[in-house]
Amino acid sequence: MNFQKIFIPVAGIAAVALAYRQYSWLGVAAVVTGLVMWMLLHFTRMMTVLKRAANRPIGYVGSAVMLNAKLKPGVNLMHVIAMTRALGKLQSEKDVQPEIFRWTDGTGSHVTCTFVGGKLAHHELFRPAENELPPAP
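What counts and how
Residues numbered from 1 in each chain as written. Predicted model: local features only at pLDDT ≥ 70, side-chain atom pairs only at ≥ 80, totals over all residues. Heavy atoms only, no water. Helix = DSSP H or I, 4+ residues; strand = E, 2+ residues; numbered from the N terminus. Buried < 20%, exposed > 50% of the residue type's maximum accessible area, 1.4 Å probe, protein only. Pairing = 2+ DSSP bridges.

1. Concerning unusual backbone geometry
- The linkage connecting Gln97 with the following residue, Pro98, adopts the cis geometry, with an omega of -5°.
- For Ser24, which is not a glycine, the phi torsion comes out positive at approximately 65°.
- Secondary-structure assignment places Ser24 in helix H1 (residues 4-54).
- You will see that Asp95, though not glycine, has its phi angle at about 60°, which is positive.
- If you trace the backbone, Asp95 turns up in the loop between strand E1 (89-90) and strand E2 (99-104).

2. So, the pairing of E2
- Residues of E2 alternate between two faces, with Glu99, Phe101 and Trp103 buried on one and Ile100, Arg102 and Thr104 left unburied on the opposite face.
- Here E1 pairs with E2 via 2 bridges, running antiparallel. Across the sheet, residue Leu90 finds its bridge partner in E2, namely Phe101.
- Where E2 meets strand E3 (residues 110-116), 6 bridges bridge the pair, whose relative direction is antiparallel. Each residue of the ladder has a partner; that of Trp103, found in E3, is Val111.

Shown next, in the form of C-alpha cells:
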C-alpha cells in the first residue's frame, strides 16, 4: 500500500488543525498558503517536464546506455521522463499494471522499464549485435 497517498493529506489536515489551535485563523492562513505553494511547485515542475518532453519523439533517448546507468529502482515515472526529456513508448496495454515503457536511441539500443504503481520496479538494456548495427553515416 502506498502510504504517501494517505500520509500527505492527513499531515496537511493535522498541520491546519494544529495551526488553528495555536494561532487561530492567522495560523490556518499561513499553513494553507504554505500547502498551496508546495502544490504549485510540484505542478510547475510537472508542467515543465511535460513541456520539454512534448518537443521530442515518443520513445526516443539520446543514449540508452547512459539512461540505463542512471536508472535506479524506486524512482517515479515523472523522474524518468525528466531524465530522458521524452515520453516512453507504451509497450503494455493502456491502464494495466505493470506499465511497461521503452526508450530507444539512434543505434537501435533500447531500455525497457517496468513501472508498478508509478515507481520503477525493473529496467533492462538491449543492445543489438555488432552485425545488426546500421551503417555509420
